[in-house]
Amino acid sequence: MEIKQIKRALVSVYHKDKLDFIIQKLYAEGVEFISTGGTQTFIESLNIPCTAVEDLTGYPSILGGRVKTLHPKIFGGILNRRDLASDKEQIAEYEIPEIDLVIVDLYPFEATVAAGADEPTTIEKIDIGGISLIRAAAKNYNDVVIVASQDQYEPLLEMITANGANTTIEERRWFAKEAFAVSSHYDSAIFNYFDSQDESAFRYSENNSKVLRYGENPHQKGVFFGKFDDMFEQLQGKEISYNNLLDIDAAVNLINDFDDITFAILKHNNACGIASRPVLVDAWNAALAGDPVSAFGGVLITNAIVDKATAEEMHKIFFEVVIAPDYDLEAIEVLAQKKNRIILIIKDAKIRTKQFRSLLNGVLMQDKDTHTENAEELKVVTEKAPTTEEIEDLLFANKIVKHTKSNAIVLAKNKQLIASGVGQTSRVDALTQAIEKAESFKFDLKGSVMASDAFFPFPDCVQIAFEAGVTSVIQPGGSINDKLSITSCNENGLSMVTTGYRHFKH
């Protein structure tokens, strides 16, 4: 455990919250300071002496501030190897002071892009000096401590509070690792800005990680990278698992497509119950009726505030997670009776428009399927047109099938999921599964509608649906055999609309 003492620090930062405690503690340990501009003024305001970078280098800040610290007297002080005789000779020859600690942060490039700034403004927020200081200090972690963002202020303060100005190789290496995380994330953001829609290379960076209990199965390691707390507030419950996160993601994507008061129940990323009603408790009861067996241990989500009446009905079954925009106080009191039950408030949060997954020896990426069909987009292709009520049910069913694993068929009636066939290798099997499930829960399929995530290659599904009581069908269309399905609808008195949008989900 090689101990090194911090004797001199270079500090140049934008974020100064809690920096005063660090500067004062270091000064008490005999550390000298070098700084620039506003940071120098800040340090001197604490009645602590500070050497200006300009005085050390003999050069002023030039080119509108683009060049301040890029000088051998700065980088030589950081990069010199303390145990290498030739390095020691050179810094002595050129009167370069050793720098043992670098505290620096970067221009807010991502925030500037997010604010919609023009290109000249954005380009000026590409940090040069800061990123160079970070890489230099991190490379020479054997001798130097690098603090590359405000997120490391607290670990630095804890370290110097415990050990004074002395640092171990393990501590310096940890700070170097964090610094390279900062610099690589920053460079990824810049690349993605320039690459725009070219997608010439895959660069995705997320600094926040949370180790999960396990992955999809107990023998698999699982980690979530992201800012979960930016999207949700967890009111209570156990630690969220890998599988919980998959279901939460599926639930949020599903409920985002509904404007009416809606309640959904999901298992293994698919809706097993969903209904829209003017009153939330009625939406819950109708959703549960869709499949009360599969609802056990499910993930629940609604787009309305949960009241006491709804909470009392929900509390009658076991479920893992509930998600809502908010809860009445009395509702929370009811739901919180099960201490492990995860209760989440969903916040307004931007959901990424790209999806990607590791595959073979690379990464597969696509645009997120954000299209939701409306009545104006529907094309009636049969002699009989759907009624107003059927159109509402068709659109309702089509939203569900969009979020159901292919091959998928959804049967719906009165804005209630009657049954679905999920993840089957044939569309006929998916329809047969849905009909059998609906009949097992005593649903009357007469007057129901059918939605398919892809076109019908043959008319068999239409015939089976007609015999079960379905009166209207929605599907993408586009098969060379569309006419066969349309003819079957006409012969059996069904209406059919096409959307032009396929919604495969694997």
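Residues numbered from 1 in each chain as written. Predicted model: local features only at pLDDT ≥ 70, side-chain atom pairs only at ≥ 80, totals over all residues. Heavy atoms only, no water.

Focus on the sheet that holds strand S3 (residues 32–35)
Thought 1: Strand order in this open sheet of five strands is S4-S3-S2-S5-S6, and the pairing throughout is parallel. Every interior strand has two partners, whereas the edge strands, strand S4 (51–52) and strand S6 (145–147), have only one.
Thought 2: Judged from the four bridges that link them, strand S2 (residues 8–12) and S3 form a sheet pairing that is parallel. By the bridge assignment, Val 11 is partnered in S3 with Ser 35. (Pairing = 2+ DSSP bridges. Helix = DSSP H or I, 4+ residues; strand = E, 2+ residues; numbered from the N terminus.)

With respect to helix H12 (residues 242–255)
Thought 1: With 14 residues, H12 should cover 20 Å at 1.5 Å per step; its first-to-last C-alpha distance of 20 Å lies within 8% of that length.
Thought 2: For H12, a buried count of ten out of 14 residues is recorded, marking the element as mostly surrounded by other parts of the structure.
Thought 3: For H12, the complete set of buried residues consists of Asn 244, Leu 245, Asp 247, Ile 248, Ala 250, Ala 251, Val 252, Asn 253, Leu 254 and Ile 255. (Expected span 1.5 Å × (residues − 1). Buried < 20%, exposed > 50% of the residue type's maximum accessible area, 1.4 Å probe, protein only.)

Considering a negative patch on the surface
Thought 1: Where like charges cluster on the molecular surface, the negative patch consists of Glu 233, Asp 326, Asp 328, Glu 330 and Glu 333.
Thought 2: Mapped onto the fold, Glu 333 is located in helix H15 (residues 329–335). (Patch = residues over 30% accessible without salt bridge, like charges linked within 9 Å, V, L, I, M, F, W, Y side chains within 5 Å. Areas by Shrake-Rupley, 256 points an atom, 1.4 Å probe, with all protein chains shown as cover. Salt bridge = Lys/Arg side-chain N within 4 Å of Asp/Glu carboxyl O. Lys, Arg positive; Asp, Glu negative; His and termini not counted. Charge placed at Lys NZ, Arg CZ, Asp CG, Glu CD.)

Some points on the environment of Thr 121
Thought 1: Tracing the backbone shows Thr 121 in helix H7 (residues 119–124).
Thought 2: Residue classification places Thr 121 among the partly exposed residues on the basis of a relative accessible area of 36%.
Thought 3: Between the C-alpha atom of Thr 121 and that of Phe 109, which follows or precedes it by twelve residues, the distance is 9.6 Å.
Thought 4: A polar contact of 2.6 Å, which involves the side chain of Thr 121, links it to the side chain of Asp 118. (Polar contact = N/O pair within 3.5 Å; in protein donor to acceptor, adjacent residues only side chain to side chain.)

Details of helix H19 (residues 482–492)
Thought 1: Every buried residue of H19 is accounted for by Asp 482, Ser 485, Ile 486, Ser 488, Cys 489 and Asn 492. Down the axis, H19 shows its buried residues gathered within 155° of arc, on one side only. Opposite the buried face of H19, by more than 90 degrees, sit the exposed residues Lys 483 and Glu 491.
Thought 2: Against helix H18 (460–468), strand S22 (472–475) and strand S23 (495–498) lie the buried residues of H19.
Thought 3: Gly 493 sits one or two residues past H19 and shows a positive phi near 80°. (Arc of directions from axis to C-beta. Contact = heavy atoms within 4.5 Å.)

Considerations on the environment of Val 449
Thought 1: Locating Val 449 in the fold gives a position in strand S21 (residues 449–452).
Thought 2: Classification of Val 449 by relative accessible area gives buried; the value is 0%.
Thought 3: Once the C-alpha coordinates of Val 449 and Phe 466 are considered, the two residues, 17 residues apart in sequence, prove to be 9.9 Å apart.
Thought 4: Excluding residues that lie within four positions of it along the chain, Val 449 makes contacts with Glu 390, Asp 393, Leu 394, Ala 397, Val 410, Leu 411, Ala 412, Val 470 and Ser 472.

Observations regarding the packing of helix H4 (residues 72–79) against helix H8 (residues 129–139)
Thought 1: For the pair H4 and H8, interaxial distance at closest approach is 8 Å and the crossing angle is 30°. Classified by the interaxial angle, the pair formed by H4 and H8 is roughly parallel. From H4, Ile 74, Phe 75, Ile 78 and Leu 79 reach across to H8, where they touch Ser 132, Leu 133, Ala 136, Ala 137 and Lys 139.
Thought 2: Partitioned by chemical class, the residues of the contact of H4 with H8 number seven nonpolar, one polar and one charged. (Axes fitted to C-alpha atoms, helices over the stretch in contact; angles between N-to-C directions. Parallel < 35°, antiparallel > 145°, perpendicular 65-115°, else oblique. Nonpolar A, V, L, I, M, F, W, Y, C, P; charged D, E, K, R; others polar.)

Things to note about the sheet that holds S23
Thought 1: Reading across from one edge, S18-S23-S22-S21-S19-S20 is the order of the six strands in this open sheet, with mixed pairing throughout. Every other strand in the sheet has two partners, leaving strand S18 (379–380) and strand S20 (417–421) as the edge strands with one partner each.
Thought 2: Pairing of S22 with S23 involves four bridges; the strand directions are parallel. If you follow Ile 474 over to S23, its bridge partner there is Val 497.
Thought 3: Sitting on the sheet, helix H17 (residues 427–440) is in contact with strand S19 (409–412), S20 and S21, with an inclination near 145° to S20.

Structural notes on the packing of helix H1 (residues 19–28) against helix H9 (residues 153–163)
Thought 1: At a closest axis distance of 10 Å, the pairing of H1 and H9 adopts a crossing angle of 25°. One way to sum up the angle between H1 and H9 is to call them roughly parallel. When the axes of H1 and H9 are compared, the crossing they make is left-handed. In contact with Leu 19, Phe 21, Ile 22, Lys 25 and Leu 26 of H1, H9 contributes Tyr 153, Leu 156, Leu 157, Ile 160 and Thr 161.
Thought 2: Here the contact of H1 with H9 is built from residues that sort into eight nonpolar, one polar and one charged. (Left-handed = near helix turned anticlockwise from the far one by under 90°.)

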